[in-house]
Every structure is written in C-alpha cells, then in structure tokens.
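Structural characterization, general
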Number of protein chains: 2
Amino acid sequence: MDFSRRAMLGAMGGLAVGGSLAAMSGNVIAAPAAPEMTGGKDGLFDQQYGLFGWKPKKIDDIPGAMEVAYKGYWYKGLGCGYGAFYSIVGLMGKKYGAPYNTFPYSMMEVFKGGMADWGTICGALAGAASAFFVFYGRKEANPMVAELFRWYEKTAFPIYNPGEAAQGVKGELSTSISNSVLCHISVSRWSYETKLAANSKERSERCGRITADVCKKAIEILNAKIEAGKDWKGALAKQESVTQCGACHSKGKMSDIVKGNMDCAPCHSGSDHVQNKFVNHP
Amino acid sequence: MDFSRRAMLGAMGGLAVGGSLAAMSGNVIAAPAAPEMTGGKDGLFDQQYGLFGWKPKKIDDIPGAMEVAYKGYWYKGLGCGYGAFYSIVGLMGKKYGAPYNTFPYSMMEVFKGGMADWGTICGALAGAASAFFVFYGRKEANPMVAELFRWYEKTAFPIYNPGEAAQGVKGELSTSISNSVLCHISVSRWSYETKLAANSKERSERCGRITADVCKKAIEILNAKIEAGKDWKGALAKQESVTQCGACHSKGKMSDIVKGNMDCAPCHSGSDHVQNKFVNHP
C-alpha cells in the first residue's frame with residue numbers, strides 16, 4: 001500500500017515533469033516538433049530541424065510589419081539588415097514562438113552600412129534575402145532574391161513615410177533611383193542628387209524608410225511564394241545590361257569571366273564617376 | 001504524517017522535475033543559462049539571451065576548422081558563406097551544444113555567389129563577418145571586420161591546398177589579388193588573370209579554398225579578440241585610397257557623399273575595365 005502509493009505519487013510526479021517541461025518549453029524553445037540532427041558523418045553539419053527546416057508563415061499585416069521594420073532600424077541603432085530581417089522572421093517568432101524566437105536577431109547588425117560600414121550590399125536587401133534563405137534553398141530562393149533586387153535597382157527611394165512616428169526627420173524626403181543593390185552606390189548617388197550628406201540625419205532617415213519599403217516588397221514575394229509553392233515565378237526580367245553583357249561573358253560563352261547579376265551599367269558604361277579620380281580631381 | 005509524506009514526495013518530485021528538465025534540455029536546447037527575453041515594449045525585439053548574448057569561444061584547432069570550412073563549402077553545394085560561418089559558430093555548436101547548435105545554418109547559403117549569385121560581397125567574408133556579429137555589436141565587431149576585409153583585399157588567393165581531399169580539382173591553383181571584397185570583382189579579376197572560366201570547376205575549387213583561408217584569418221581575429229577583450233585592435237591601416245578620398249568625402253568634410261570602406265581604386269581610378277563597354281566593345 002505504501003509502495004503503490006509512492007509509485008502513484010511518483011507517476012504523478014512524472015506527469016508533473018512532463019507538464020512542467022511543456023509549460024517551460026513555452027519560454028525555452030516551445031518546439032512544435034522535436035528538433036532533429038540531420039547532418040553529415042560524425043555529426044558534422046548537423047542542424048536542428050534539418051536543412052531549411054523552419055517553415056515559412058504568411059504575414060498578413062504588411063503595414064504593421066513595415067512599422068516594425070522601420071522601428072527595428074532605429075532600435076539600439078541595429079540598422080537596416082536587422083529591421084528587415086526582424087520584420088519577417090522576428091514577427092513569426094512573436095506570433096508562433098519556436099523555432100523562430102530562438103534566432104540571435106542582433107547578429108543582423110552585421111549588415112548595417114552595407115556590412116560593418118563597408119558599403120557593400122544594401123543591408124535592408126541583405127536582411128530580407130537572409131530571411132528567404134531561412135526557409136528556402138537556392139533553387140527556390142534565388143528567384144525570390146532576383147525579384148527583390150531587380151525591383152530595388154529601378155525604384156525611386158524612399159517611399160515609406162512614418163509621419164509623426166519618424167525617428168530621424170519628419171516630412172517628405174527627396175528620392176533617387178540607385179540602379180544598384182550596393183549600399184555605396186545607393187547612398188552616394190542619393191547624396192549626390194539630393195545634396196544631403198551621406199552622414200546626415202536625413203540619410204539615416206532615408207535608410208530607415210527604405211528598410212520598410214524593402215520589408216513590404218519582401219513580404220509580398222514571400223507570401224506569394226508560400227501561396228504558389230514551387231510554381232512561383234518573379235515578374236521582373238533580367239536587366240538589359242546583364243543580358244547584353246552575358247551574351248559573351250556568361251556560362252559557356254566565349255568569355256566566361258563574369259560573376260554576378262548586378263546591373264552592369266553603373267560601373268561599366270564609362271560614367272564620369274568611374275573615371276580617374278586620383279589625377280586632376282576634381 | 002500522510003500529509004508530510006506527500007509533501008516530501010512532492011518535493012522530491014519537484015527535484016525530479018528539475019533533474020529531468022536539465023537532462024532533456026541536452027536534446028532540446030541544453031541551455032547553459034535560462035534564456036531570457038530582453039526586447040522592447042510589448043515584446044517587440046525580444047531576443048533569447050538578450051542582444052549579442054551568445055558567448056564566443058576560442059577555437060584551438062585552426063587546421064581542423066579550415067578543413068571543415070572547405071568541406072562545408074562543398075556540403076550540398078551550400079557554398080562559401082555557409083562553410084565560413086559553420087567553421088566558426090557550427091564548431092562551437094558541435095563542441096558546446098546550445099545555444100550555438102540551434103542556429104539554422106543552411107540559411108548561410110544566402111551568401112553563395114556573392115549573395116544568391118548577385119556577385120555582391122564575397123560570401124566567405126560575409127559568413128565570417130556574420131559570425132563575429134553573433135557575439136559582438138558594431139563597436140567591437142566593425143574593427144574585426146575591417147581587419148579581415150583589408151587583409152582580403154591585398155592577399156593573393158587561394159592559399160589553402162586540400163591535397164588529396166580536394167573535391168573540385170587537385171593540385172596548385174593560380175592566384176590573384178582582388179583589391180576588392182566584392183565577389184564580382186574578386187572572381188572576374190581571377191578569371192581574367194588566370195584565363196580560367198568564372199563558371200569552371202577550377203573557379204569553384206578556388207572559392208572553396210578561399211573559404212578555408214578566410215576561416216583561418218577570421219578565427220585568428222576572433223581568438224585574439226577573446227584574449228584581449230575591449231583592448232583588441234587590428235594591425236592593418238586604412239587603405240591609402242580610402243584615406244585620400246576621405247579627406248574630402250567623409251563625415252563632416254566639404255563633400256560628405258561617400259558610404260563605405262572598400263578600396264576606392266578598382267572603380268574610381270579610370271581603369272579600362274570601367275570604361276564604356278556598351279559602345280565599340282571590344
């Protein structure tokens with residue numbers, strides 16, 4: 001009797017353990033399914049949930065996400081890549097918990113200023129592209145990135161206006177078309193055309209708003225992709241310059257020498273900006 | 001008596017709960033400390049462990065890590081960014097478990113081909129820079145990235161030779177100095193100088209080896225940073241061109257119009273490569 005009672009209490013304890021674990025897992029990881037390791041030999045390249053194992057979720061409130069992207073840009077100065085990425089994957093974490101909420105989001109600060117201030121890829125684009133790749137491998141994600149990047153090259157930014165919620169400067173901002181996905185060209189061209197300094201509050205505000213613009217386009221692409229699955233295709237054609245240069249310089253052609261899909265024109269059309277600036281300049 | 005006995009068993013059950021949770025957490029997340037959410041109002045920007053809350057660990061076996069970087073480059077074609085990032089953060093996950101092993105590593109495929117084949121930032125650099133930012137915010141990580149990127153601009157790649165373990169082509173490969181952190185310039189210049197196609201097996205092999213080279217330099221920087229803490233400083237000075245152009249074009253100067261720290265010369269010294277290629281070419 002004592003024994004069976006102890007056993008029963010033990011069993012109840014066991015249930016309590018399970019209950020506590022489930023309850024606690026809401027804070028710890030709240031895994032919707034048991035994580036599994038599915039890497040190579042000796043556990044090398046093991047990955048919880050397997051490669052591209054996190055499932056994408058549609059985001060219905062796009063204006064709300066844009067607001068988060070813009071706020072994220074300013075949040076502790078973490079910048080464009082953080083704002084764009086958080087407004088997609090972070091919002092899934094907020095709504096659905098794990099695994100999305102286990103991500104070390106602040107690492108997306110790496111993209112600030114075109115990657116640690118080097119002016120390479122636009123950080124908002126990099127954050128959004130990284131979000132696509134959380135869910136999809138290159139065969140499916142590359143066309144999503146191409147759609148986003150081609151749209152960016154040809155769009156006059158910024159579009160978004162946070163109104164009274166502006167954290168840099170309020171009101172309309174002058175726009176420019178970058179013709180490039182590179183932060184250096186995008187920012188410098190905007191500064192050149194608007195006469196506003198690259199290190200001004202206006203320029204910061206511009207990039208915060210672009211973060212929201214990129215968030216919007218990226219979520220539209222992601223939602224459409226989730227809807228259409230493998231059948232999804234982008235709407236934007238390859239840039240004219242890439243097609244033209246690729247006639248000789250792409251895979252299998254007479255001079256297979258080029259890597260990339262960036263618009264060739266900004267750097268290879270002999271503009272004044274790429275002439276020798278080290279002699280008799282200005 | 002019954003009551004106190006029940007209370008005691010209950011307490012034991014409580015201990016068992018703690019023990020079970022700790023044991024199970026080895027499979028689920030194995031958190032070394034309780035994750036905490038530390039974001040903004042309404043849980044926006046909440047992040048487990050807080051911003052930059054994952055602790056960096058020194059990696060002692062650098063040749064081993066380089067091997068992993070090289071293998072990672074080839075693993076299911078996930079590429080340079082994956083190889084570089086996994087050889088740093090992934091190895092911490094393999095050795096120390098959570099939180100490092102909760103990362104969705106395959107997302108680093110985003111950097112393949114300079115970000116989804118767009119030829120922007122070199123993916124190996126992007127993967128390594130992203131690894132730095134897992135642990136450090138911009139004030140500490142930007143100098144680490146600058147050291148890595150400046151070294152890359154001036155180094156003749158590839159250096160690493162996997163010997164019999166080569167997965168693309170075996171033997172020595174011709175080298176070139178990119179003078180640029182951009183994939184497009186790095187690859188195209190190498191192809192131009194070596195006469196080996198940008199879409200050749202040799203070029204893939206080159207990039208796999210560079211992934212190991214970048215891994216080595218990145219771990220040296222990370223280990224030194226962990227050792228020296230806030231006192232760590234890079235050894236490489238700002239490039240001459242960036243200093244020269246910055247005299248007029250940086251923050252607070254007469255023409256504050258430039259974003260970035262890339263070597264200016266490849267695009268702004270009037271080389272033949274950036275002349276008008278759309279007229280009378282070749």
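What you see is a predicted model; the values in this text were computed from it and never measured.

On to the overall build of chain A, then. Along chain A, the regular secondary structure elements total nine helices and two strands. Secondary structure elements of chain A, listed N to C terminal, follow the sequence α-α-α-α-α-β-β-α-α-α-α. A total of 282 residues make up chain A; the buried ones form 48% of that total. When contacts within chain A are restricted to residue pairs at least 6 apart in sequence, long-range pairs at least 24 apart make up 63% of them.

With an RMSD of 0.0 Å, the fit of chain B onto chain A corresponds to turning through 180 degrees and sliding 0.0 Å along the axis. Taken together, the rotation and translation relating the two chain copies correspond to the operation of a two-fold axis. Same-surface contact between copies: 100% of interface residues of chain B are shared with the interface of chain A.

Our next topic: the interface of chain B and chain A. With 84 residues of chain B in contact, the opposing surface of chain A contributes 84 residues. Mapped by element, the contributors of at least two residues to the side of chain B that touches chain A are helix 1 (2–28), helix 2 (62–74), helix 3 (79–96), helix 4 (123–135), helix 5 (138–153), helix 6 (183–194) and helix 9 (265–268) of chain B. At nine residues, the largest contribution of residues to the side of chain B that touches chain A is made by helix 1 of chain B. Across the side of chain B that touches chain A, the residue classes break down as 45 nonpolar, 28 polar and eleven charged.

Residues and elements named next belong to chain A. Two elements in contact, helix 3 (residues 79–96) and helix 4 (residues 123–135), have axes separated by 6 Å at closest approach and are oriented at 35 degrees. For the pair helix 3 and helix 4, the sense of crossing is right-handed. Judged by residue contacts, G79, C80, G81, Y82, G83, A84, F85, I88 and V89 of helix 3 engage G123, A124, A126, G127, A128, S130, A131 and V134 from helix 4. The residue inventory of the contact of helix 3 with helix 4, partitioned by class, reads eleven nonpolar, six polar and no charged.

Thresholds applied
- Residues numbered from 1 in each chain as written.
- Chains lettered and ligands numbered in written order.
- Predicted model: local features only at pLDDT ≥ 70, side-chain atom pairs only at ≥ 80, totals over all residues.
- Helix = DSSP H or I, 4+ residues; strand = E, 2+ residues; numbered from the N terminus.
- Buried ≥ 20, exposed ≤ 12 C-beta atoms within 10 Å, placed from the backbone.
- Contact = placed C-beta atoms within 7 Å.
- Least-squares fit on C-alpha atoms with pLDDT ≥ 70 in both.
- Nonpolar A, V, L, I, M, F, W, Y, C, P; charged D, E, K, R; others polar.
- Axes fitted to C-alpha atoms, helices over the stretch in contact; angles between N-to-C directions.
- Left-handed = near helix turned anticlockwise from the far one by under 90°.

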